[in-house]
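Architecture at a glance
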Amino acid sequence: MRARKPTLVLALLLLILTALAGQTATAADRFIILQSTTSTENSGLYGYLLPLFRAKSGIEVRVVAVGTGQALRNARNGDGDVLIVHARAAEDAFVADGHGVTRHDLMANDFVIVGPADDPAGISGLTDTNSALRRLAGSAAPFVSRGDDSGTHKKERALWMAAGIAPAPDASWYREAGSGMGATLNIAIGMDAYTLVDRATWLSFGNRQDHRLLVEGDPALQNPYGVILVNPARHPGIRAVDGQTFIDWLLSPTGQAAIAAFRVNGKQLFFPARSQARAGE
Amino acid sequence: MGDAITEALHLIAFGDAALWEIVSLSLRVSLTAVALACMIGLPLGALLAIARFPGRGALVVGTNALMGLPPVLAGLLVYLLLSRAGPLGPLELLYTPTAMIIAQTVLVTPIVAALSRQVIEDLHQEYDEQLRSMGLRTGGAVMTLLYDARLSLLTVALAGFGRAAAEVGAVMMVGGNINHVTRVMTTTIALETSKGNLAMAVGLGLVLMLIALAVNGAVMALRPTKAVPRHV
């Protein structure tokens with residue numbers, strides 16, 4: 001009876017070996033880790049760009065899509081080779097502290113304010129964010145904030161400050177979701193609430209229901225993305241050479257044109273930062 | 001909901017390579033984690049059941065409490081361990097399936113240990129004298145009891161598998177949900193939800209439930225029947 005036990009142990013060991021074998025097979029490939037934001041990943045941009053880069057360079061880019069705050073923290077720990085995020089002040093601090101090599105302007109899109117179709121706060125069509133936010137605060141209509149220290153959350157806080165409003169954390173109309181962009185949109189839609197969202201995520205979002213884009217076009221709503229090589233001097237494992245190859249490609253006319261060529265439902269979502277590529281639009 | 005069922009049927013009927021890749025990684029990660037958790041948790045549980053030593057009570061309460069370990073906390077602890085800034089950074093295991101297996105093993109081991117402790121303790125009370133008369137020491141008694149309780153312990157392992165296959169917090173944090181590398185069923189469901197593709201997300205959820213059903217069915221079919229006469 002006891003004789004059957006070794007077979008069981010053997011089966012377990014085999015299972016583990018298979019798992020580890022699969023592990024080494026992928027580790028043999030040439031790859032870099034890109035710490036980036038949910039907005040860029042969810043829009044499908046990387047699904048479009050990365051195969052183009054891989055075909056040219058042979059380098060696989062593995063995307064970890066989290067909020068800008070978490071992406072910066074992960075990169076600070078050395079858990080990523082390249083960083084693409086959207087929070088200028090935090091990016092500059094990251095480089096100034098020696099965690100990143102250099103920050104380059106990569107591309108931009110813009111934020112918009114979306115809300116329920118009946119628009120109880122009456123902000124539809126406004127192009128001035130300050131007056132839109134003041135009307136929102138005065139109307140008691142609910143607003144859902146990311147509340148997760150992401151790039152979008154940092155931007156939203158800056159916009160409230162510019163409008164001269166300090167939403168109390170316990171205000172009944174101001175709700176912090178503490179979640180990614182998509183989850184926050186789902187909450188806002190469920191609560192008939194307003195929220196701030198980047199245009200790329202909004203346009204590619206599948207569960208818009210009756211929510212509408214209400215405010216857009218204010219220069220204050222610009223959303224620039226930067227790309228940074230994580231400093232290899234801080235953590236010995238950083239794949240700096242392949243990471244730099246990726247950054248060089250993104251900033252090259254080819255890479256910038258590829259960013260401009262990405263479309264969702266025929267609409268361009270990201271605008272390359274370098275002017276020579278803009279000419280090709 | 002109708003949309004979701006259509007989506008689920010479509011996924012199963014026309015299951016593309018991407019879906020199969022995600023399903024097989026889910027199974028590989030969770031089954032390996034459960035196997036490792038059983039290798040650690042079963043002997044540990046049996047030892048806690050029959051051995052008497054100072055601090056045993058505290059250990060029993062501790063393992064029971066750890067059954068409630070939040071997956072996201074397990075993920076965070078394993079992340080801090082495997083990060084390049086952490087002690088095991090040079091192993092380069094973060095954002096790999098191995099990291100996900102480690103995190104799920106941390107989650108499942110207390111469940112296996114705590115539940116098997118109870119199973120073995122009950123059995124031990126019944127067979128204590130018999131084991132003594134056979135002159136078995138602790139080690140031998142542990143092995144005998146584990147073997148004798150194997151049917152109940154199979155259910156313990158299935159409870160562990162349920163926990164591993166269902167959690168999203170730990171694998172999301174240490175795996176990173178990287179397409180083609182560390183994307184599993186639960187992280188895909190979270191991703192599709194965040195894209196607003198709710199029907200697709202529920203469809204994937206239904207596929208996950210079917211897999212759980214298949215695993216449990218397979219275990220039920222494979223387990224030895226009680227009808228076979230046994231002579232212990």
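Worth saying up front: this structure is predicted, and the values here are computed from it rather than measured.

**Structural notes on the overall build of chain A**
The helix and strand tally for chain A stands at twelve helices and twelve strands. Counting the 281 residues in chain A, one finds 44% classified as buried. A separation of at least 24 residues holds for 74% of the contacts in chain A among residues at least 6 apart in sequence.

**Regarding the overall build of chain B**
Secondary structure summary: chain B contains ten helices and zero strands in total. Reading chain B from its N terminus to its C terminus gives the helix and strand order α-α-α-α-α-α-α-α-α-α. The principal-axis extent of the C-alpha atoms belonging to chain B is close to 65 × 50 × 25 Å. Counting all 232 residues of chain B, 45% fall into the buried class. For chain B, contacts bridging at least 24 residues in sequence account for 79% of all contacts bridging at least 6.

**Considerations on the interface of chain A and chain B**
Listed per partner, the contact involves 31 residues of chain A and 28 residues of chain B. Those elements that place two or more of their residues in the side of chain A that touches chain B are α1 (5-27), α2 (38-42), β2 (60-65) and α8 (181-190) of chain A. The element contributing the most residues to the side of chain A that touches chain B is α1(A), with nine residues. By residue class, the composition of the side of chain A that touches chain B is twelve nonpolar, 14 polar and five charged.

**Looking at unusual backbone geometry**
Residue and element names in this part refer to chain B. Backbone geometry places Asn-177, a non-glycine residue, at a positive phi of 50°. Tracing the backbone through its elements, the reader meets Asn-177 in the loop between α8 (169-175) and α9 (185-194). A count of 23 C-beta atoms within 10 Å places Asn-177 in the buried class. Within the chain, His-180 stands out as a residue other than glycine whose phi angle is a positive 70°. Relative to the helices and strands, His-180 resides in the loop between α8 and α9.

**Some remarks on helix α7 (residues 151-162) of chain A**
Along an α-helix, residues three or four positions apart point the same way, because every turn accommodates 3.6 residues. Residue and element names in this part refer to chain A. Taking 1.5 Å of rise per residue, twelve residues should cover 16 Å, and α7 covers 17 Å from first to last C-alpha, within 8% of that figure. Those residues of α7 lying buried are Gly-151, Thr-152, His-153, Lys-155, Glu-156, Leu-159 and Trp-160. Positive phi appears at Gly-164, one or two residues downstream of α7, with a value of about 75°.

**Description of the domain arrangement of chain A**
Residue and element names in this part refer to chain A. Examined at the domain level, chain A breaks down into domain 1 (29-108 + 224-278) and domain 2 (110-221). Measuring from the centre of the C-alpha atoms in domain 1 to the corresponding centre in domain 2 gives 26 Å. Listed by partner, the interface residues are 18 residues for domain 1 and 14 residues for domain 2. Looking at the side of domain 1 that touches domain 2, the elements with two or more residues in it are α2 and α4 (68-76). Per-element tally for the side of domain 1 that touches domain 2: the top contributor is α2, with three residues. When the residues that make up the side of domain 1 that touches domain 2 are grouped by side-chain class, the tally is six nonpolar, eleven polar and one charged.

**Quick notes on the packing of helix α1 (residues 2-13) of chain B against helix α10 (residues 198-222) of chain B**
All names here are of chain B. The contact between α1 and α10 brings their axes to 7 Å, and the two run at 60°. As the angle between them shows, α1 and α10 are arranged oblique. Remark: the crossing between α1 and α10 carries right-handed chirality. Two secondary-structure elements touch here, α1 through Asp-3, Ala-4, Ile-5, Glu-7, Ala-8, Leu-11 and Ile-12 and α10 through Ala-199, Met-200, Val-202, Gly-203, Leu-204, Leu-206 and Val-207. Of the residues belonging to the contact of α1 with α10, the class tally is eleven nonpolar, one polar and two charged.

**Regarding the nonpolar core**
Core analysis: the largest hydrophobic core is formed by 103 residues, its most contacted members being Val82(A), Val34(B), Val78(B), Ala99(B), Ala103(B), Val112(B) and Val174(B). In terms of residue count, helix α2 (residues 17-50) of chain B provides more of this core than any other element does, 16 residues in total. Beyond its immediate chain neighbours, meaning those up to four positions away, Ala99(B) contacts Val78(B), Leu82(B), Leu93(B), Leu94(B), Val174(B) and Gly175(B). Grouped together as the second largest cluster of nonpolar side chains are 29 residues, Ala137(A), Ala141(A), Leu159(A) and Met181(A) included.

**Points about the pairing of strand β7 (residues 194-198) of chain A**
Residue and element names in this part refer to chain A. Of all five residues in β7, five are buried, a share of seventy percent or more. Alternating positions in β7 separate into two faces, Tyr-194, Leu-196 and Asp-198 on one and Thr-195 and Val-197 on the other, with burial throughout. As paired strands, strand β4 (residues 100-115) and β7 are joined by four bridges and run antiparallel to one another. Residue pairing for β7: Val-114 is matched across the bridge by Thr-195.

What counts as what
- Residues numbered from 1 in each chain as written.
- Chains lettered and ligands numbered in written order.
- Predicted model: local features only at pLDDT ≥ 70, side-chain atom pairs only at ≥ 80, totals over all residues.
- Helix = DSSP H or I, 4+ residues; strand = E, 2+ residues; numbered from the N terminus.
- Buried ≥ 20, exposed ≤ 12 C-beta atoms within 10 Å, placed from the backbone.
- Contact = placed C-beta atoms within 7 Å.
- Nonpolar A, V, L, I, M, F, W, Y, C, P; charged D, E, K, R; others polar.
- Expected span 1.5 Å × (residues − 1).
- Domains from an automatic or database assignment.
- Axes fitted to C-alpha atoms, helices over the stretch in contact; angles between N-to-C directions.
- Parallel < 35°, antiparallel > 145°, perpendicular 65-115°, else oblique.
- Left-handed = near helix turned anticlockwise from the far one by under 90°.
- Core = buried A, V, L, I, M, F, W, Y, C linked by C-beta atoms within 7 Å.
- Pairing = 2+ DSSP bridges.

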